[in-house]
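# Summary of the model geometry
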Amino acid sequence: MHTQQQWQALKQELAIEGRAFINGQYQSANDGTTFATINPANDEVLAQIARCQGIDADRAVEVARARFDQGVWSQMAPSQRKVLMLRLADLVEEHIDTLALLETLDSGKPIRHSASTDIPGAAQALRWYAEAVDKTYGEVAPTERDVVATITHEAIGVVAAIVPWNFPLWLACWKLGPALAAGNSVILKPSENTPLSALYLGQLAHQAGIPAGVFQVLPGYGHEVGEALARHPDVDCITFTGSTRVARQLMVCAGESNLKRVWNEAGGKNANIVFADHPNLEGAAEEAAAGCFYNQGEVCVAATRLLVHESIHDRFVAMVEAAAQRFTPRDPLDPESAMGALIDQEHKAKVLDYVKQGVAAGANLRCGGDHPGPGAFVAPVILTGVDNAMAVAREEIFGPVLCVIPFSSEAEAVAIANDSPYGLGAALWTSDLNRAHRVARQLRAGSVWINNYNEGDMTVPFGGYKQSGNGRDKSLHAIEKFMEIKTTWLRLESY
Ligand code: NAD
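Residues numbered from 1 in each chain as written. Predicted model: local features only at pLDDT ≥ 70, side-chain atom pairs only at ≥ 80, totals over all residues. Heavy atoms only, no water.

Going by the annotation in an unreviewed UniProt entry, the name recorded for the protein chain is Gamma-glutamyl-gamma-aminobutyraldehyde dehydrogenase, with Ferrimonas marina given as the source organism. Per its UniProt entry, the protein chain bears the Sequence similarities (unreviewed entry) comment "Belongs to the aldehyde dehydrogenase family." (UniProt positions renumbered as here; feature names shortened; annotations may be inferred.)

In structure tokens form, the structure reads like this:
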């Protein structure tokens, strides 16, 4: 890992690309307009970015469709697609310093996380799907003797991936990996807050030999280019990660256009339940803090509702407060930093407003809040005495705010955990094997962690129940989202 000075020196040498990547080339938006992307750690403008609109989306979709129909990627042997995608994964790793730096400057997240988790995670996702693509088979149906019915999977066509700013490249690759491996043409729409790593990936894909127009990157502002893609009659599938609010709009766009598939990974308000019988409360407290404060709390699956048995409540909260100190914000380019800046000043104001609201509703502010200095920094907040009916317990704050809710029985803990419009993740800590299984089965969430928070790798599906979304990212299940299922009947001559 480089020192803070070395990262700053690398920053001076960066040549940042802000143009869209269409048909294998960097290009300005059709009307030449741009918007600024800002470093939230010091509010400096990093670069001007092409502000793509519907006309740019039309251009990119036309190229994506033509490449799909020509079969330059969709009909390429899976073993060959694999080679090119593995090359891309290798290139991501070779460019790890540049990509990690772009990610940290653009998002405010600590460089040690970008360099050790986000960018390696992106490469790993590409590699995992590359390796899977020539190892998946079709089926033969158990029909009567004189027919043969095969069930095969085919690429769906043009896929638009619309992604958020909290793990810009990593989450993008959870989508690009299976969508490209399946043979689709993919258009990536990064968040207006964090377009830099996605744009850089365009050039790497070109260098890896992925044919022009198979992978394109369209930056845009707010809803502009994303909505154009979601309404486009020639886009076959939207894969989205972001807020539940936008997820709803995308489903409307699909319904009002061509019924394209819409796969949503949306918000969360996740419960982390600590029972009094857990033998290592210190360890559970460390993970409760990390589960909530990692990535400035800007994590869909952050452990934001901490449900603690009343018999250990005060002792446990003191341990979590001590563990939270490790997340005092620092310059994201300092390799020791475990917490950087929030995404922007507007978001910081929103987070601090939620804290105020919580206190006004009767919660106690145990620690944290505004952190001085230029940049959008907030120190880890712990609110105790939270009632699950309060807005701070029901709405996604998406910042470093931990809401502590006491409970007195297992049934009450399960009821509180499930009393949420979201159902992304949930965790419980106990030494009782029966309770572990009993509670895990009752939790309405896509991922349940027992005696850990947030274990995960590419082998398992990730996604939510209820308003946290549909479909799943990661694992082989994700490939099916980007494929059509075809049944083919062959009648044999009677014999
Ligand atoms: P967002 O919904 O505001 O934006 C996500 C993306 O959609 C961005 O690229 C944005 O430009 C685009 N967009 C905005 N309005 C649009 C519209 N009307 N039509 C089409 N596209 C539009 O989300 P965000 O603020 O970037 O990210 C934070 C959210 O992402 C949180 O709610 C978080 O829970 C969620 N998230 C979910 C997961 C998951 O896997 N479930 C993972 C990470 C983040």
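### Some points on the site of the ligand
Lining the immediate environment of the ligand, one finds 29 residues, of which Val163, Glu192, Ser243, Ala266 and Glu396 sit closest. Gln249 places a polar side-chain atom, nitrogen or oxygen, 2.9 Å from a nitrogen atom of the ligand. Residue Ala266 places a main-chain N or O atom 2.7 Å away from a nitrogen atom belonging to the ligand. When the free accessible area of the ligand is taken as 850 Å², the share hidden by the protein chains comes to 92%. Breaking the shell around the ligand down by element, the ones donating at least two residues are α8 (224-231), β10 (237-241) and α9 (244-256). Broken down by element, the shell around the ligand gets its largest block of residues, 3 residues, from α9. Partitioning the shell around the ligand into residue classes produces 14 nonpolar, 10 polar and 5 charged. (Near = heavy atom within 4 Å. Polar contact = N/O pair within 3.5 Å; in protein donor to acceptor, adjacent residues only side chain to side chain. Areas by Shrake-Rupley, 256 points an atom, 1.4 Å probe, with all protein chains shown as cover. Helix = DSSP H or I, 4+ residues; strand = E, 2+ residues; numbered from the N terminus. Nonpolar A, V, L, I, M, F, W, Y, C, P; charged D, E, K, R; others polar.)

### Section: the environment of Thr244
Considering the arrangement of structural elements, one finds Thr244 in helix α9. Linking Thr244 and Gly469, residues 225 residues apart in sequence, is a C-alpha distance of 7.6 Å. Only 3.2 Å separates the side chain of Thr244 from the backbone nitrogen of Gly267, close enough to count as a polar contact.

### Details of the pairing of strand β19 (residues 447-450)
Here β19 shows a clear split, with Ser447 and Trp449 buried on one side and none of Val448 and Ile450 buried on the other. Where strand β18 (residues 425-429) meets β19, 4 bridges bridge the pair, whose relative direction is parallel. Note on β19: the bridge partner recorded for Gly425 is Ser447. On the question of chirality, the crossover connecting β18 to the parallel β19 by way of helix α15 (residues 433-442) is right-handed. (Buried < 20%, exposed > 50% of the residue type's maximum accessible area, 1.4 Å probe, protein only. Pairing = 2+ DSSP bridges. Right-handed = clockwise from strand over helix to strand, strands pointing away.)

### A word on the layout of surface pockets
If you add up the space inside the largest pocket, you get close to 1,300 Å³. Around the largest pocket, the lining comprises 47 residues; the ones closest to its centre are Trp165, Glu192, Asn193, Ser243 and Arg245. Among the elements that line the lining of the largest pocket, the one with the most residues is α9, at 7 residues. Residues belonging to the lining of the largest pocket are distributed by class as follows: 20 nonpolar, 15 polar and 12 charged. The calculated volume of the second largest pocket comes to roughly 580 Å³. Taken together, 24 residues make up the lining of the second largest pocket; nearest its centre are Thr136, His153, Glu154, Ala182 and Met483. Looking at the lining of the second largest pocket, the elements with two or more residues in it are α2 (54-70), α3 (78-94), β6 (147-155) and α16 (477-481). In terms of residue count, the dominant contributor to the lining of the second largest pocket is β6 (4 residues). A breakdown of the residues in the lining of the second largest pocket according to their chemical character gives 11 nonpolar, 7 polar and 6 charged. (1 Å grid on protein atoms, 1.4 Å probe; cavity = no way out; pocket = protein on both sides within 12 Å on 5 of 7 lines; lining within 4 Å. Points joined across faces, edges and corners; volume = space filled by probe spheres on them.)

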